[in-house]
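Chains, contacts and geometry: an overview
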Amino acid sequence: MQEKLDALVRTQAMQLFRQQGLHFTMQQLAEPLHISKKTIYTVYPSKEVLLLAMVDHAFENIHRCKQEILNSDGTLEEKLRAVIIAMPEEYTALDLRQMRELDEKYPAVAAQVRSHLESGWEPTMNLLEQAMREGVIRPVSLQVLRQMITASIENFLADRSLADSGVSYSTVLEEMISILLEGVLPR
């Protein structure tokens, strides 16, 4: 029963987060679930704990999605493009470009997002090494590439200008990986 409630609360919280960002209230969360705020607080003692759980759950799904890509039959180049910007379908509408606000209001949540961005790279690094060995990408410092990708993603999370101009997060990620893998010089 507790797991089901946990999943319902997290799902509803994600929906509210997509609509309102961090400005949703626990009361707004409770109403469509037809439960009291008190019931939510038995699962999540604070909004910050709920946000931490949402971040952890989102990144667990992202890592699962990456593993599915790695296990797929796609070409090495297709896998490389997809795994770096992997985001499960349920998170494509999630706009996490709210890092500044997270830093201000929920620094532990912001730190958790950064921690997730910087961890779990082993499968991707192995794929990049394979791509270099097979000549799919030219020899580069993988640590530099990893830092560029992580910094780019974190910057996109923090910068509202692209979102405010109507560019979706998935479009930003697609363009980022295109520039990183193909460069900017004409072919």
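Conventions used here
Chains are numbered independently. Their residues run from 1 in the order of the written sequence. Note on the predicted model: pLDDT of at least 70 is required for a residue's local features to be given, and 80 or more for side-chain atom pairs to be given and counted; whole-chain, interface and lining totals, by contrast, use all residues. Only hydrogens and water are removed before side-chain values are computed, so all heavy atoms of the structure are retained for them. We count a stretch as a helix when DSSP gives it H or I for four or more residues in a row; a strand needs E for two or more, and each element gets its number in order from the N terminus. Helices are assigned an expected span. That span is 1.5 Å times one less than the residue count. The salt bridge definition used is simple: a Lys or Arg side-chain nitrogen within 4 Å of an Asp or Glu carboxyl oxygen. Here the term buried applies to any residue with accessible area under 20% of the maximum for its type, exposed to any over 50%, and partly exposed to those in between, with areas from a 1.4 Å probe on protein chains only. Each axis is a line fitted through C-alpha atoms, and for a helix only the stretch in contact is used; angles between axes span 0 to 180 degrees, taken between their N-to-C directions. Just so you know how the angles are binned, under 35 degrees is roughly parallel, over 145 roughly antiparallel, 65 to 115 roughly perpendicular, and the rest oblique. In this scheme, a crossing is called left-handed if the near helix is turned counterclockwise away from the far one by less than a right angle; it is called right-handed if the turn is clockwise. Here, two residues are considered to be in contact whenever any of their heavy atoms come within 4.5 Å of each other. Basically, the charged four are Asp, Glu, Lys and Arg, the nonpolar ten are Ala, Val, Leu, Ile, Met, Phe, Trp, Tyr, Cys and Pro, and anything else, Gly included, counts as polar.

Looking at helix α11 (residues 169-182)
In this model, α11 (14 residues) spans 20 Å end to end at C-alpha, consistent with the 20 Å of a helix rising 1.5 Å per residue. Where α11 ends, the next residue or the one after it, Gly-183, has phi of about 75°, a positive value.

Notes on the pattern of salt bridges
This model, assessed by the stated rule, comprises six salt bridges. With its nearest N and O atoms 2.9 Å apart, the salt bridge here joins Arg-64 to Glu-68. Remark: Glu-68 and Arg-64 occur in helix α4 (residues 47-70); sequence separation between them is four residues, near one turn of the helix. For Arg-64, a relative accessible area of 37% corresponds to the partly exposed category. Under the relative-accessibility criterion, Glu-68 is labelled partly exposed at 46%. With a shortest N-O distance of 2.8 Å, Arg-114 and Asp-103 are connected by a salt bridge. You can see Arg-114 sitting in helix α7 (residues 107-118) and its partner Asp-103 sitting in helix α6 (residues 99-105), a full 11 residues away along the chain. According to the relative accessible area criterion, Arg-114 is partly exposed, its value standing at 22%. By relative accessible area, which is 34% here, Asp-103 ends up partly exposed. Taken together, the shared-partner salt bridges connect Glu-77, Arg-81 and Glu-182 into one network.

Details of the packing of helix α5 (residues 76-84) against α11
To describe two helices that pack against each other, one gives the angle between their axes and the distance between the axes. The N-to-C vectors of α5 and α11 enclose an angle of 135°; their axes lie 9 Å apart at closest approach. Classed by the angle they form, the pair α5 and α11 counts as oblique. Here α5 runs over α11; the crossing is right-handed. Packed against α5, whose contacting residues are Leu-80, Arg-81 and Ile-84, the element α11 presents Met-176, Ile-177, Ser-178, Leu-181 and Glu-182 at the interface. Of the residues that constitute the contact of α5 with α11, the class distribution is five nonpolar, one polar and two charged.

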